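So the chains spell out like this:
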Amino acid sequence: MGFLDILLGRTKAVAPDLDQLFGLPSAALTLQAAAGFTPTGTGAVCFASVEGGAFAQAHQEVQELLDADAERTGPPVEVSRDEYGYSWLVSRRDPDDLPALVSDLHAVNSALEGSGFGPQLLCSVAGFQDTGQRRLGLVYLYKRGTFYPFAPLTDAAQRRDNALELQVKAALADDLRIEQDLSRWFPIWGAPGL
């Protein structure tokens, strides 16, 4: 970064570090101890769909790669589209096998990135819930290389539990690279598994 960039407040984009996803299993232990949340076994990767044969081929290869997992006990990987037009590749695993779910999320991100579709990747999310059925997603922002908690309220349409999100932020500060800019804690309404 040059002197002029510093004066003008420009910053370089943070390179995605997909290996950050592998911090989720240890963060899940902290999350359970601090707030009583356990994994739901559902995770998803969100990306902006692109028209064309190359993207369709990459998308199909990713789905076949994950569906070929002989140890998968749940349903095959599914694709859904939200009301905003974004695509979600959803993986479901046994809730006790968060490392396998994280491997799925990493594989999807890596495969799309390796096929040249990194700019279309938006985020990945792993779902959690507590005994009171409160839901929580740990969201990985692909372009920032950081995580943030997203806690939709179950009794209200498109409202968040901000207090819970801040509690989780504090609890996971030593486990995950938490996004410090709260304006980047985007709501992911309708995300699979939340």
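Residues numbered from 1 in each chain as written. Predicted model: local features only at pLDDT ≥ 70, side-chain atom pairs only at ≥ 80, totals over all residues. Heavy atoms only, no water.

**Regarding the packing of helix α2 (residues 24–35) against helix α5 (residues 162–171)**
Put simply, the rule is: Every axis corresponds to a line fitted to the C-alpha atoms, with the helix fit spanning only the stretch in contact, and the corresponding angles, defined between N-to-C directions, vary from 0 to 180 degrees. A run of H or I in DSSP becomes a helix once it reaches four residues, and a run of E becomes a strand once it reaches two; helices and strands are each numbered from the N terminus. An angle below 35 degrees is treated as roughly parallel, one above 145 as roughly antiparallel, one from 65 to 115 as roughly perpendicular, and anything else as oblique. Each crossing gets its handedness from the near helix: less than a right angle anticlockwise from the far helix is left-handed, clockwise is right-handed. Should any heavy atoms of two residues lie within 4.5 Å, those residues are counted as being in contact.
Orientation of α2 relative to α5, taken along the N-to-C sense of each, is 125 degrees, at an axis distance of 10 Å. Overall, the two elements α2 and α5 adopt an arrangement that is oblique. Like other packed secondary-structure pairs, α2 and α5 cross with a definite hand, here right-handed. Within the contact between the two elements, α2 uses Thr30, Leu31, Ala34 and Ala35 and α5 uses Gln167, Val168 and Ala171.

**A look at the packing of aromatic side chains**
Note the cut-off: Classification of ring pairs rests on two measures: the distance between centres of Phe, Tyr or Trp rings, Trp counted by its six-membered ring, which must be within 6.5 Å, and the angle between planes, read as stacked under 30 degrees, edge-to-face over 60 and tilted in between.
Per the stated rule, a full pass over the model turns up three aromatic pairs. Judged by centre distance (5.2 Å) and plane angle (75 degrees), the rings of Phe150 and Trp189 are edge-to-face. Of this pair, Phe150 sits in strand β6 (residues 146–150) while Trp189 sits in the segment after α5, and the two are 39 residues apart along the sequence.

**Quick look at α2**
To be explicit about the condition: To estimate the expected span of a helix, subtract one from its residue number and multiply by 1.5 Å. We call a residue buried when its accessible area falls under 20% of the maximum for its residue type, exposed when it is over 50%, and partly exposed in between, using a 1.4 Å probe and counting protein chains only. In this context, the arc is that of the directions from the helix axis out to the C-beta atoms.
Compared with an ideal rise of 1.5 Å per residue, which puts 12 residues at 16 Å, α2 spans 15 Å between its outermost C-alpha atoms and is within 8% of the ideal. Along α2, the positions that sit buried rather than exposed are Leu24, Ala27, Ala28, Leu31 and Ala35. End-on view of α2: buried residues confined to an arc of 110 degrees, all on one side of the axis. Exposed side chains of α2 directed beyond 90 degrees from the buried face belong to Leu29 and Ala33. Trailing α2 by a residue or two, Gly36 shows a phi angle of about 80 degrees, which is positive.

**Observations concerning the side chain of Glu165**
We count it as follows: Any N or O atom pair separated by 3.5 Å or less is treated as a polar contact, with the protein-specific requirement of one donor-capable and one acceptor-capable atom, and with residues adjacent in sequence counted only for side-chain atom pairs.
Looking at the secondary structure, you find Glu165 in helix α5. Within the structure, the side chain of Glu165 is placed 3.0 Å from the side chain of Arg160, a separation counted as a polar contact. If we ignore the near neighbours within four places in the chain, the residues touching Glu165 are Pro149, Phe150, Ala151, Arg160 and Trp185.

**Remarks on the pattern of salt bridges**
Under the convention used in this document: In what follows, salt bridge is the name for a side-chain nitrogen of Lys or Arg lying within 4 Å of a carboxyl oxygen of Asp or Glu.
Enumeration over the complete set of coordinates arrives at eight salt bridges. Put simply, Glu78 and Arg92 hold a salt bridge, and the shortest N to O gap is 3.1 Å. A residue pair is termed long-range when its members are at least 10 positions apart, and Glu78 in strand β2 (residues 78–81) and Arg92 in strand β3 (residues 86–92) qualify at 14 residues. Residue classification places Glu78 among the partly exposed positions, given a relative accessible area of 31%. Across the pair Arg184 and Asp181 runs a salt bridge, and its minimum N-O distance is 3.7 Å. When its relative accessible area of 30% is taken as the criterion, Arg184 is described as partly exposed. By relative accessible area, which is 32% here, Asp181 ends up partly exposed.

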